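Observations on the model geometry
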Amino acid sequence: MAGKKANIAVLVSGGGTNLQALIDAEKNGIIRSGTIRLVVSNNSKAYAVTRAENAGIRVEVLTKKAMCGGSQEEFERRLSAILEENSIDLIVLAGFMSILSEDFTKHFDKRIINVHPSLIPSFCGKGFYGLKVHEAVLKKGVKVTGATVHFVNEIPDGGEIILQKAVEVEEGDTPEILQKRVMENAEWIILPEAAEKICAQITGK
Ligand code: GAR
């Protein structure tokens, strides 16, 4: 697909600050090889939905409990259909708080990336998400943390690492303060960079 842009779908569950970083990065040319075609939220109340609407991006809400009878299989069947309808080339998990099955991740091998708020392999895997990661970092007393963008496979936070950025833990940090510093100084920078890198590979640039 040389010359064409890769179609990106961003999957979200919450506030959507990483989605906003991707939207801004496309606007200011950091993302050149791809375009955000679609946002899928598994939470109808997520502020990320409003962010997508404000940017004029198509949004689909797909909830496992209310819309798929609690079935992961049904959720993934419907999600795959939405992605195919929109000719999606790259799926970006940006604060998407649900684990995808092996069937799904195998089907989209090397086409799903995720941002995680720690330096993998520290503070990752099942149970480590959102603020819980930063709480664990502070409890352990490590002095350096950061963020990682990685490919998604069947192992939670286990896929190949694409980019990482370190952030210092400071005296008196709370989980909230540390989360904000990791987002601002790492996540919002490396997620758009990684998205551009993979889109460029997909489009053969
Ligand atoms: C971000 O810190 C993201 O790295 C993390 O949740 C937050 C979502 O914020 N994701 C995970 O913990 C996934 N394991 P956002 O909705 O404002 O982008």
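I will try to describe carefully the structure that is included in this document.

1. Points about the side chain of Asp157
Looking at where Asp157 falls in the secondary structure, it is placed in the loop between strand 6 (144-151) and strand 7 (161-168). For the buried Asp157, which has no salt bridge, the nearest side chain bearing the opposite charge is Lys126, at an N-O separation of 12 Å. A polar contact of 2.9 Å, which involves the side chain of Asp157, links it to the backbone nitrogen of Gly125. A polar contact of 3.5 Å, which involves the side chain of Asp157, links it to the side chain of His150. Ignoring anything within four residues of it in the chain, the contact list for Asp157 reads Asn114, His116, Ile120, Cys124, Gly125, Phe128 and His150.

2. Comments concerning the nonpolar core
Counting 41 residues, the largest nonpolar core has Val10, Leu22 and Ile113 as the members making the most contacts within it. Among the elements that make up this core, the one with the highest residue count is helix 7 (residues 175-202) (10 residues). Contact partners of Val10, with chain neighbours within four places excluded, come to Leu19, Leu22, Ile36, Leu38, Val39, Val40, Val92 and Ala94. In terms of nonpolar packing, the next biggest core, distinct from the first, is built from 19 residues, Leu38, Phe75, Ile88 and Ile112 among them.

3. Observations regarding the pairing of strand 5 (residues 112-116)
Of all five residues making up strand 5, five are buried, and the element is well covered by its neighbours. Side chains Ile112, Asn114 and His116 of strand 5 all project onto a buried face; the interleaved residues Ile113 and Val115 project onto the opposite face, where all are buried too. In this sheet, strand 5 lies alongside strand 4 (residues 90-93) in parallel orientation, the contact comprising three bridges. The residue of strand 5 that forms the bridge with Val92 is Ile113. Crossover connection from strand 4 via helix 5 (residues 102-107) to parallel strand 5: handedness right-handed. Note: strand 5 against strand 6, four bridges, orientation antiparallel. Looking across to strand 6, one finds that His116 is bridged to Thr148.

Conventions and cut-offs
Residues numbered from 1 in each chain as written. Predicted model: local features only at pLDDT ≥ 70, side-chain atom pairs only at ≥ 80, totals over all residues. Heavy atoms only, no water. Helix = DSSP H or I, 4+ residues; strand = E, 2+ residues; numbered from the N terminus. Buried < 20%, exposed > 50% of the residue type's maximum accessible area, 1.4 Å probe, protein only. Lys, Arg positive; Asp, Glu negative; His and termini not counted. Salt bridge = Lys/Arg side-chain N within 4 Å of Asp/Glu carboxyl O. Polar contact = N/O pair within 3.5 Å; in protein donor to acceptor, adjacent residues only side chain to side chain. Contact = heavy atoms within 4.5 Å. Core = buried A, V, L, I, M, F, W, Y, C linked by side-chain atoms within 4.5 Å. Pairing = 2+ DSSP bridges. Right-handed = clockwise from strand over helix to strand, strands pointing away.

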